[in-house]
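The lines below spell out each chain.
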Amino acid sequence: MRCFLNPREAMERRRFLNYCSATGLSAVLSDWSFGRDPETAAAAAGNGTAGLLIADPHAHPYPLRGSRSYDPSTPTIEIMKQLNMALCSFSAVGDMTFMRGHSGMPFADTKNQLRIVKRMEEQGEIRLLLKAADLPALIASHTAPAGLMAVEGGDALEGKLQNLDALHEYGVRLMTLMHERDNEIGFNQRSGSDGPLTPFGASVVEKMNALGMVIDVSHAKGNTLKGIAEVSAMPLVDSHTSPFLPGEEGSGLRRLRTWREMETIAGTGGLVCTWPLAYSGKNSERNTLKQWAEEIVQMKARLGMEHCGLGTDGGGGLPRFVKGWESIASLPDLIGEMRQAGLTQGDIAAYVGGNFLRLLAKCLA
Ligand SMILES: [Zn+2]
């Protein structure tokens with residue numbers, strides 16, 4: 001338990017707990033100012049993000065080891081501060097030894113990547129979120145953005161539950177079970193097989209529930225996703241995806257989600273987070289911020305606003321962005337389009353971070 005809260009932090013904590021127990025989260029969110037410094041608050045007011053808690057469940061804020069060129073969508077600490085972000089994921093890649101020919105074994109390689117995140121915390125650049133009780137004070141801080149240590153690719157476990165314990169011990173609080181290859185847990189969206197969650201995968205899900213870690217089903221193929229949803233006692237998140245274009249379910253880009261899959265995630269009380277990837281289908285496209293915002297309107301109607309969120313995959317090497325998106329620094333422009341599309345301030349607050357913070361509070365408790 002955290003013992004030393006100053007009066008402002010104590011107030012923020014009270015507000016946060018009220019917020020978590022509230023059924024209508026959006027109204028409460030718009031009231032939060034978090035005592036940030038006036039200059040930042042004024043800047044936020046100017047760009048339309050005042051009163052919003054921005055939280056990104058999937059990003060790679062430091063340049064990935066071994067990547068050949070710098071990805072301009074990488075969120076920097078400066079961008080996080082300018083945007084007054086409440087929290088950002090710092091995701092290592094668990095199957096890098098397979099993807100980029102990193103030497104050594106996946107667990108050790110993943111740990112090496114995470115050392116960069118630890119160093120950032122030691123140098124005071126970020127403050128890592130380790131338990132739900134610390135969330136209000138971390139969010140209220142205006143010294144450094146809150147960081148969520150994450151791993152994309154359960155390959156990092158090398159099929160051993162004790163490696164999950166070790167990652168949790170090190171500070172990892174979210175794991176994307178699948179990434180670019182089939183692993184000991186299940187099957188990925190680019191796989192030739194729609195195989196099930198494995199018995200080892202089921203034990204990973206149960207253990208993550210018990211340890212208080214967020215389960216991210218991004219990249220998981222249909223049957224593996226279904227298996228995870230059946231085993232997990234906690235809400236799931238798909239941290240970076242978007243729906244297939246109308247009439248094109250199951251065709252074209254394999255990283256997209258069908259409505260049935262998104263309903264499965266929502267059915268766990270979970271969250272489907274949409275990203276800036278641009279793509280075109282036979283009869284329609286998703287190439288502008290306006291089309292992204294209109295897609296959120298559809299998701300609100302079909303899934304409920306409480307099941308929708310933002311997930312940028314910043315620094316993740318997406319091949320093409322919707323026009324107007326460069327990095328999360330472009331979020332105010334998406335928010336403008338969301339308003340134009342008829343979404344309320346409460347909807348926007350829920351989408352840009354409120355829903356994910358609520359999920360974190362539940363999963364990490
Ligand atoms: Zn990914």
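So, here's what we can say about the structure. (Residues numbered from 1 in each chain as written. Predicted model: local features only at pLDDT ≥ 70, side-chain atom pairs only at ≥ 80, totals over all residues. Heavy atoms only, no water.)

### Details of the packing of aromatic side chains
Now for step 1: Going through the model one piece at a time under the given rule, you end up with one aromatic pair.
Now for step 2: Ring geometry for Trp292 versus Trp325: centroids 5.1 Å apart, planes at 55°, classification tilted. Taken together, the residues Trp292 in helix α12 (residues 289–303) and Trp325 in the loop between β11 (308–310) and α13 (331–340) connect sequence positions 33 residues apart.
Now for step 3: In this structure, Lys111 packs its charged tip against the face of Tyr170, placed 4.7 Å from the ring centre. (Phe/Tyr/Trp six-rings, centres within 6.5 Å; stacked < 30°, edge-to-face > 60°. Helix = DSSP H or I, 4+ residues; strand = E, 2+ residues; numbered from the N terminus. Lys NZ or Arg CZ within 6 Å of the ring centre and 35° of its normal.)

### Concerning the side chain of Asn209
Now for step 1: Residue placement: Asn209 occurs in helix α9 (residues 199–211).
Now for step 2: Once residues within four sequence positions are removed from consideration, Asn209 is found in contact with Ile215, Val231, Ser232, Ala233 and Met234. (Contact = heavy atoms within 4.5 Å.)

### Description of the coordination of the zinc ion
Now for step 1: For the zinc ion, every protein donor is listed as Glu152 (OE), His219 (NE2) and His240 (NE2), and the spread of their distances is 1.9 to 2.2 Å.
Now for step 2: Coordination of the zinc ion draws on donor residues from a single chain, spaced E-x66-H-x20-H in sequence. In this pair, Glu152 sits in strand β4 (residues 146–152) while His240 sits in strand β7 (residues 236–241), placing the two residues 88 residues apart along the sequence. An identical accessibility class is assigned to Glu152 and His240; each is buried. (Donors = N, O, S within 2.8 Å, 3.2 Å for Na, K, Ca; no water. Buried < 20%, exposed > 50% of the residue type's maximum accessible area, 1.4 Å probe, protein only.)

### What about the pairing of β7?
Now for step 1: Of all six residues in β7, six are buried, a share of seventy percent or more.
Now for step 2: The parallel pair strand β6 (residues 214–216) and β7 is bridged by helix α10 (residues 222–231), and the resulting crossover is right-handed.
Now for step 3: Bridge analysis of β7 against strand β8 (residues 271–274) gives three bridges, and the strand direction is parallel. For Thr241, the partnering residue across the bridge sits in β8 and is Thr274. (Right-handed = clockwise from strand over helix to strand, strands pointing away. Pairing = 2+ DSSP bridges.)

### Section: helix α8 (residues 161–170)
Now for step 1: Among all positions in α8, only Asn163, Leu164, Leu167, His168 and Tyr170 are buried. Along the axis of α8, the buried positions cluster into a sector of 160°, meaning they face one direction only. The exposed set on the far side of α8, more than 90 degrees from its buried face, consists of Gln162 and Glu169.
Now for step 2: Lining the buried residues of α8 we find α6 (106–122), β4, β5 (172–176) and α9. (Arc of directions from axis to C-beta.)

### A word on unusual backbone geometry
Now for step 1: The backbone of Glu158 sits at a positive phi, close to 55°, despite the residue not being glycine.
Now for step 2: Position of Glu158 among the secondary structure elements: in the loop between β4 and α8.

### Re the environment of Ser141
Now for step 1: Secondary-structure assignment places Ser141 in the loop between α7 (135–140) and β4.
Now for step 2: As a C-alpha pair, Ser141 and Ala86 span 55 residues in sequence and 8.7 Å in three-dimensional space.

### Details of the pattern of salt bridges
Now for step 1: Considering all chains together, one arrives at 11 salt bridges under this definition.
Now for step 2: For Lys226, the salt bridge goes to Glu230, with nearest N and O atoms at 3.8 Å. Taken together, the residues span about one helical turn, with Lys226 and Glu230 both in helix α10 at a distance of four residues.
Now for step 3: Looking at Lys226, the relative accessible area reads 46%, which means it is partly exposed.
Now for step 4: The exposure class of Glu230 is exposed, given its relative accessible area of 60%.
Now for step 5: Connected through salt bridges with shared partners, the residues Asp238, Arg257 and Glu261 form a single ionic network. (Salt bridge = Lys/Arg side-chain N within 4 Å of Asp/Glu carboxyl O.)

As far as function goes, none of this settles anything; it's purely spatial.
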